[in-house]
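Observations on chain architecture
Listed below are the residues making up each chain.
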Amino acid sequence: MHPSALLRLSALLALSLPAQAQEGMRQQPATSDRIKDVPSIEAVGLATLKPGTVLFTDHRDDPAKPENGLVPYLDWGRVRPAERAALAPYPAYAEPDYMQTLNGVAKRRHETLKVYVAQGRFVVPRAAESIDLASYATLGFVAKMDPVIKHKTLNPADVTPTKDPAAAFAKRPDRPWCDLGTVCIESRYDLEGKLPLGVKLANKLEDGAAKKVAEFVSFQSEVRTLPPAETAPLAGLTKIDAPVTGGLEQTIFWVNQILRFGKFLAVFQPMPGDPGKTVVTTYMALAIKADVLDRKQEYARVPVLKNLLPAQVLMGNSSFNTGTSISAGLPTYARNRMTAFADALAKN
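A short note on the overall build of the protein chain
- Regarding its fold elements, the protein chain presents 12 helices and 12 strands.
- When contacts within the protein chain are restricted to residue pairs at least 6 apart in sequence, long-range pairs at least 24 apart make up 70% of them.
- Just so you have it, the protein chain exposes about 15900 Å², and 57% of that area is on carbon and sulfur atoms.

Right, dumping it as structure tokens:
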């Protein structure tokens, strides 16, 4: 989004709220009765983890602070290298560098990112070898995880980083996105609540602008089961002393706005001492463009926006947050995705 469009959009939405809603109102993340927030999933003994309970953490020790839990991409690699290696789009991924033309002048741009990472863990009361991971690496299964998001099959030839030279920075260096053995998906999420109306009004004010604010988030991803060579190192990530029997991941490699990439990863291991049960550790990483978050000076000039920073909306601390999907904020979205995945495994 162009800064002026973001500013006008937030102002219009803020002015549509009652005055008391503009002062620090926060919507708490929707949670399942089964989800248990913990400081660290690794610190909870597996013997005490009963089927039906989902452990969850996103490293936020003070959720009321707008950017609490967001980690600069470069710091992520230094502080949690195994996590970044597994959850970046690919191990050698670097922050994007590309050419951007403004007012007819082409300039090289470096884009900095901040990453939100959530972890979950639960137990499935059956042996790991009885779980058919391939049955979950399908378009139909992904659609069930969040019915508000609409999905369709994407032709690999139409993958944006492959097709559009301006998006070449998002290509994998080792193989094409959506090559053999993967499911290629195009997804669309229509903004909920007051956001669509706000976008329409903002775009009217921006008549003549080259790029309009989108009323939706669209993204492209690939879903696949991981080969043994890629699953073996994941035991070091989960810190469970058991072999990894399988891994399932969805990698979002192209997004139309706000985010740059995302990944959902599920790692399967037999329960130590009880091979009739399976421990599933889940991860969700979402990379936000830092310039979207860095609007403090612009927003400070408009009093009604002081409590409506983009970071507040993305982290679920705004009165704008609504529903159970992306519009609810990233923490709620991650929680619901993980509990939906646990529910699906429990039913099969």
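So, helix H12 (residues 330-347)
- Between its terminal C-alpha atoms H12 stretches 26 Å, which fits the 26 Å expected from 18 residues at 1.5 Å a residue.
- Counting buried residues along H12, 14 of its 18 residues qualify, which places the element largely inside the surrounding structure.

A look at unusual backbone geometry
- Positive phi outside glycine occurs at His 59, with the angle close to 65°.
- In the Ramachandran plot, Cys 178 falls in the positive-phi region, its phi being about 65° despite a non-glycine side chain.
- In this structure, Cys 178 sits in the loop between helix H5 (160-163) and strand E8 (183-190).
- Judged by its relative accessible area of 6%, Cys 178 is buried.

Comments concerning the packing of aromatic side chains
- Counted by the stated rule, this structure contains 15 aromatic pairs.
- For the pair Tyr 73 and Phe 261, a centre-to-centre distance of 6.3 Å together with 85° between the ring planes defines the contact as edge-to-face. Here the residue Tyr 73 occupies a position in helix H2 (residues 73-79), and Phe 261 occupies one in strand E11 (residues 259-271), the gap between them amounting to 188 residues. In this pair, the class of Tyr 73 matches that of Phe 261, namely buried.

A few points about the nonpolar core
- Membership of the largest hydrophobic core comes to 46 residues, with the highest contact counts inside it found for Tyr 116, Phe 122, Phe 268, Val 280, Phe 341 and Leu 345.
- Looking at this core, the element that brings in the most residues is H12, giving nine residues.
- The contact partners of Phe 268, leaving out residues within four places of it in the chain, are Ile 131, Leu 133, Pro 243, Val 244, Thr 245, Gly 246, Thr 278, Val 279, Val 280, Phe 341 and Leu 345.

Topic: the environment of Thr 281
- By the secondary structure assignment, Thr 281 is in strand E12 (residues 274-289).
- Note on Thr 281: relative accessible area 0%, which makes it buried.
- Residues Thr 281 and Gly 247, 34 residues apart in the sequence, show an inter-C-alpha distance of 9.7 Å.
- In this view, Thr 281 contacts Ile 41, Gly 120, Arg 121, Thr 238, Ile 240, Leu 265, Ala 266 and Val 267; residues no more than four positions away in its chain are not counted.

Looking at the environment of Pro 331
- Assignment of secondary structure puts Pro 331 in helix H12.
- For Pro 331 and Gly 316, which are 15 residues apart along the polypeptide, the C-alpha to C-alpha distance reads 6.7 Å.
- Setting aside its immediate chain neighbours within four residues, Pro 331 contacts Phe 56, Asp 58, Arg 60, Tyr 116, Leu 314, Met 315 and Gly 316.

Some details on the pattern of salt bridges
- For the structure on display, the rule yields 19 salt bridges.
- Notably, a salt bridge pairs Lys 163 with Asp 158, separated by 3.3 Å at the nearest N-O pair.
- Taking the relative accessible area as the measure of exposure, Asp 158 reaches 35% and is therefore partly exposed.

Here's the deal with the state of the cysteines
- Applying the stated rule across the entire model yields one disulfide.
- A sulfur-sulfur separation of 2.1 Å characterises the disulfide bridge that pairs Cys 178 with Cys 184. Across the S-S bond of Cys 178 and Cys 184 the torsion is about 75°, and the bridge reads as right-handed. With respect to burial, Cys 178 and Cys 184 carry one shared label: buried.

Description of the pairing of E11
- Among the 13 residues that make up E11, 13 are buried, leaving the element largely enclosed by the rest of the structure.
- Bridge count for E11 against E12 is 12 bridges, and the pairing is antiparallel. Note that in E12 the partner of Met 271 across the bridge is Asp 274.
- Connecting E11 to the antiparallel partner E12 that follows it, the hairpin turn spans two residues, and Gly 273 within it adopts a positive phi of roughly 85°.

Comments concerning the pairing of strand E5 (residues 105-110)
- Relative to E5, strand E4 (residues 97-102) is paired through six bridges, and the arrangement is antiparallel. Looking across to E5, one finds that Thr 101 is bridged to Ala 106.
- Counted between consecutive antiparallel strands, the loop separating E4 from E5 contains two residues, among which Asn 103 sits at a positive phi close to 55°.

Some points on the confidence of the model for the protein chain
- On average, residues of the protein chain score 85 in pLDDT, and 82% of them reach the 70 mark or higher.
- Predicted confidence in the protein chain is weakest over helix H1 (residues 3-15), with a mean pLDDT of 47, and strongest over strand E10 (residues 246-255), with 98.

So, the environment of Asn 155
- Residue position: Asn 155 is located in the loop between strand E7 (150-153) and H5.
- Of the residues examined, Asn 155 reaches a relative accessible area of 46% and is grouped as partly exposed.
- Taking the C-alpha atoms as reference, Asn 155 lies 9.0 Å from Glu 186; in sequence the two are 31 residues apart.

Calculation rules
- Throughout this description, residue numbers start from 1 for each chain and increase along the sequence as written.
- In keeping with the model being predicted, local features are shown solely for residues with a pLDDT of at least 70 and side-chain atom pairs are shown and tallied solely at 80 or more, while totals for entire chains, interfaces and linings include all residues.
- For the side-chain quantities, the full set of heavy atoms in the structure was used; hydrogens and water were omitted.
- Comment: elements are numbered from the N terminus, with helices defined as DSSP H or I runs of at least four residues and strands as E runs of at least two.
- Two residues qualify as a contact provided that any one of their heavy atoms is within 4.5 Å of a heavy atom in the partner residue.
- For the area figures, the Shrake-Rupley method with a 1.4 Å probe applies, and any residue is considered shielded solely by the protein chains shown.
- In this scheme, a helix's expected span is set at 1.5 Å multiplied by one less than its residue total.
- Only protein chains enter the accessibility calculation, which uses a 1.4 Å probe. A residue is then buried if its area is under 20% of the maximum for its type, exposed if over 50%, and partly exposed in between.
- Ring geometry is summarised as follows: Phe, Tyr and Trp rings, the Trp one being its six-membered ring, pair when their centres sit within 6.5 Å, and such pairs are stacked at plane angles under 30 degrees, edge-to-face over 60 and tilted between the two.
- Joining through side-chain atoms within 4.5 Å is the link that ties buried Ala, Val, Leu, Ile, Met, Phe, Trp, Tyr and Cys residues into a set, and such a set is a nonpolar core.
- Between Lys or Arg on one side and Asp or Glu on the other, a salt bridge is scored when a side-chain nitrogen of the former is within 4 Å of a carboxyl oxygen of the latter.
- Cysteine sulfurs are considered disulfide-paired once they come within 2.5 Å of each other.
- Between any two strands, pairing holds if DSSP finds at least two bridges.
- Per residue, pLDDT captures the predictor's confidence, and it can take any value from 0 to 100.

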